[in-house]
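Structural overview
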Amino acid sequence: MNFLGLIGRVMLTFLATAGRLGIFTVNSVSHCLRPPFFIRHIGSQMINIGYYSLPVVGLTALFTGAVLALQIYEGGSRFNAESAVAGIVVIGFVRELGPVLGGLMVAGRVSAAMAAEIGTMRVTEQIDALTTLATDPFKYLIAPRLIAATLMLPCLVLVADVIGVAGGFILSTDKLGFNPGAYLKTTVDYLEYDDVMSSLVKAGVFGFIIALMGCYHGYHSRGGAQGVGVATTNAVVSASILILMSNYVVTELFFSQ
Amino acid sequence: MTGTSTQRMPKISLRGVKKRFGPKVVLDGVDLDVDDGESMVIIGGSGTGKSVLIKCILGILTPDEGSIKVGGVEATRLRGKERQAFLEKFGMLFQGAALFDSLPVWENVCFGLLAEKRIRRKEARDLAVEILRQVGLEADVANLSPAELSGGMQKRVGLARAIAAKPEIIFFDEPTTGLDPIMADVINSLIVDCVQDLGSTTITITHDMASVRKIADKVGMLYKGKMIWTGPKSEIDSSGNEYVDQFIHGRAEGPIHMDILKL
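Just so it is clear, the model here is predicted, and its values are computed rather than measured. (Residues numbered from 1 in each chain as written. Chains lettered and ligands numbered in written order. Predicted model: local features only at pLDDT ≥ 70, side-chain atom pairs only at ≥ 80, totals over all residues. Heavy atoms only, no water.)

1. Description of the overall build of chain B
- The helix and strand inventory of chain B stands at nine helices and 10 strands.
- In terms of overall size, chain B behaves like a compact globule, its C-alpha atoms giving a radius of gyration of 19 Å where 263 residues would be expected to give roughly 18 Å.
- Seen along its three principal axes, the alpha-carbon backbone of chain B occupies a region of about 55 × 40 × 35 Å.
- Looking at the 263 residues of chain B, the share that counts as buried comes to 50%.
- Long-range contacts, defined here as pairs at least 24 residues apart, represent 64% of the contacts in chain B between residues at least 6 apart.
- Accessible area of chain B: about 12,600 Å², with a carbon and sulfur share of 50%.
- Of the side-chain charges in chain B, 34 are positive and 35 negative, and the distance between the mean point of each set is 5 Å. (Helix = DSSP H or I, 4+ residues; strand = E, 2+ residues; numbered from the N terminus. Rg over C-alpha atoms; globule rule 2.2 N^0.38 Å. Buried < 20%, exposed > 50% of the residue type's maximum accessible area, 1.4 Å probe, protein only. Contact = heavy atoms within 4.5 Å. Areas by Shrake-Rupley, 256 points an atom, 1.4 Å probe, with all protein chains shown as cover. Lys, Arg positive; Asp, Glu negative; His and termini not counted. Charge placed at Lys NZ, Arg CZ, Asp CG, Glu CD.)

Written as structure tokens, this is what we have:
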């Protein structure tokens, strides 16, 4: 009996959370589409999310691209497929590693920061103060972050794709003895329009998820410093899980025959 | 309870307002009238629902039952632009000042005016300096961050923000909590001066009897979610209500029992 009660409580909590998140998402998106827009805030968020994430995303991409090339070379040498390094690096990085690793790194940096900032505003009554100043918190706090993250993640991932492929190129030509011209030609020959498009679409979806989770958990945080800490953790964990889940969905939409 | 029969419509009128959080009943049928230009002070112990009451009036919280009318308009049903126009009538000083950390003092003061695009940024800065002077702060404070201010200065900036748009109604949530007696009196005097200048209707929530005696035209006491007494300030010492007597004299013995675990 208690076991059934436990299942029921878990189910009800899940449904309540899903409903609250659904309403929050609809409300947020509607504010993203309706004027007025706080252009200064959107600009500052774009710089914060895009520009200041460049070092972490760039370094991650550079070393992952190099490691990918090395692993494929070592693994491929078992069946004389070393020449496939350039093609596999570009496809693997542009289709998967660029958007997913970029998304996860930005989730750790940006989603946590958004949850902490908005959560602190919640527990110190700054969000209530916004309301009393006739300013909708969704319009002022949530919409600029959602718009900025959805626009900036594709830019970041595009840069990550280029740096990742460059990492593979540097390692292959410097350490593994590949001919630079041949490597670049193979890279360009293998890359298709759909690969780049799927990368950018994934990045846009991940950007939306990162901002949504950061804002949602921050906006609903309760109970002082501990509540803000919990919100921050939940934002990063839920954003990361949703990124991996949506990655599968977008991949299926683009590439399943 | 003092009953007054007036023909005038009250500026703020609450009838049967109820609010609960889970099993905990916070407001249990609150009735309250505040006339235009009147300074109402609500007293009551911690956790009696004073802050919840003003948050219900502002629409930050939605009451479970009851009617809240402001200027004759039912506030609980307002949505969208109507609600935004409704909120433009209000200013509020929060207990912890609730200044925006990410903005300098002058942008905090003129936030409402800038957000509604009623003035340009240059004008807003000049106006902020002028309003800061009204609350006893120098012009150089305008460029500081809220984190660089003392508690008393933060309250004064919060007061400046509350009055910047010249609102019809101002709420003060525990304006003197956490301040020394002298700074508390400074804040009380500023509140009286600002409100007299603007002619605003105000509701103040406080435990501080010095604030009550300085600010109030009318006083109400909230206990266990009900408004158990309202009357003019001059009658508070002779209210005949034992709950009010115990509260204003700060006695541990009386009908109000604090839930304290005795060791």
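Here the narrative resumes, following the displayed structure.
2. Digging into the overall build of chain A
- Each helix and strand counted, chain A has nine helices and zero strands in total.
- Counting from the amino terminus, helix and strand elements in chain A follow one another as α-α-α-α-α-α-α-α-α.
- Once the C-alpha set of chain A is aligned to its principal axes, its extents read approximately 65 × 55 × 35 Å.
- Within chain A, buried positions represent 46% of all 257 residues.
- Sequence-distant contacts in chain A: of pairs separated by 6 or more residues, those separated by 24 or more amount to 85%.
- When the accessible surface of chain A is totalled, it reaches about 12,500 Å², and 71% of it is carbon and sulfur.
- Within chain A, one finds 14 positive and 14 negative side-chain charges whose respective centroids are separated by 11 Å.

3. Section: the environment of Ser46 of chain B
- Position of Ser46 of chain B among the secondary structure elements: in the loop between β3 (39-43) and α1 (50-58).
- The spatial distance from the C-alpha of Ser46 of chain B to the C-alpha of Glu130 of chain B is 36 Å, given a sequence separation of 84 residues.

4. Topic: the pairing of strand β8 (residues 201-205) of chain B
- Among the five residues in β8 of chain B, five count as buried, and that is most of the element.
- Because side chains alternate across β8 of chain B, one face comprises the buried residues Thr201, Ile203 and Ile205 of chain B, and the other comprises Thr202 and Thr204 of chain B, equally buried.

5. With respect to the sheet that holds strand β5 (residues 73-74) of chain B
Residues and elements named next belong to chain B.
- The antiparallel open sheet is built from four strands, whose spatial order is β2-β1-β4-β5. Looking at the sheet topology across the chains shown, the edges are occupied by β2 (24-34) and β5.
- Where strand β1 (residues 12-21) meets strand β4 (residues 65-70), five bridges bridge the pair, whose relative direction is antiparallel. Counted as the bridge partner of Arg15 is Ser67 from β4. (Pairing = 2+ DSSP bridges.)

6. Notes on the interface of chain A and chain B
- The interface is formed by 14 residues belonging to chain A together with 24 residues belonging to chain B.
- Here chain A meets chain B over a buried area of about 1,600 Å², counting both sides, of which 60% is carbon and sulfur.
- Seen at the junction of chain A and chain B, the total is two salt bridges.
- Of the charged contacts in the structure, one is a salt bridge between Asp128 of chain A and Lys55 of chain B, with a shortest N-O distance of 3.3 Å. (Buried area = accessible area lost by both parts, 1.4 Å probe. Salt bridge = Lys/Arg side-chain N within 4 Å of Asp/Glu carboxyl O.)

7. Details of the sheet that holds strand β6 (residues 90-93) of chain B
Residues and elements named next belong to chain B.
- Spatially, β6-β7-β8-β3-β9-β10 is the arrangement adopted by the six strands of the open sheet, whose pairing is mixed. At either end of the open sheet lies a strand with only one pairing partner, and these are β6 and β10 (226-232). Taking the axes of each pair of neighbouring strands and ignoring which way they run, one obtains an average angle of 15° across the sheet.
- Bridging between strand β9 (residues 218-223) and β10 involves six bridges; their strand directions are antiparallel. The residue bridging Val219 from the neighbouring strand is Gly231, located in β10.
- Against the sheet, helix α9 (residues 242-249) engages β3, β9 and β10, with an angle of about 100° to β9. (Axes fitted to C-alpha atoms, helices over the stretch in contact; angles between N-to-C directions.)

8. Focus on α9 of chain B
Residues and elements named next belong to chain B.
- Val244, Gln246, Phe247 and Ile248 are the residues of α9 that are buried.
- Packing partners of the buried residues in α9 comprise β3, α8 (209-215), β9 and β10.
- One side-chain oxygen at the N-terminal end of α9 lies 2.8 Å from the backbone nitrogen of Tyr243; it belongs to Asn241.
- In the stretch just after α9, Gly250 is the one whose phi turns positive, near 60°. (Polar contact = N/O pair within 3.5 Å; in protein donor to acceptor, adjacent residues only side chain to side chain.)

9. Regarding unusual backbone geometry
- Across the junction of Pro35 of chain A and Pro36 of chain A, the peptide omega takes the value 5°, indicating a cis bond.
- Inspection of the secondary structure puts Pro36 of chain A in the loop between α1 (2-33) and α2 (39-51).
- For Ala97 of chain B, which is not glycine, the phi dihedral falls at a positive 70°.
- Structurally, Ala97 of chain B can be placed in the loop between β6 and α3 (105-109).
- Owing to a relative accessible area of 1%, Ala97 of chain B belongs among the buried residues under this scheme.

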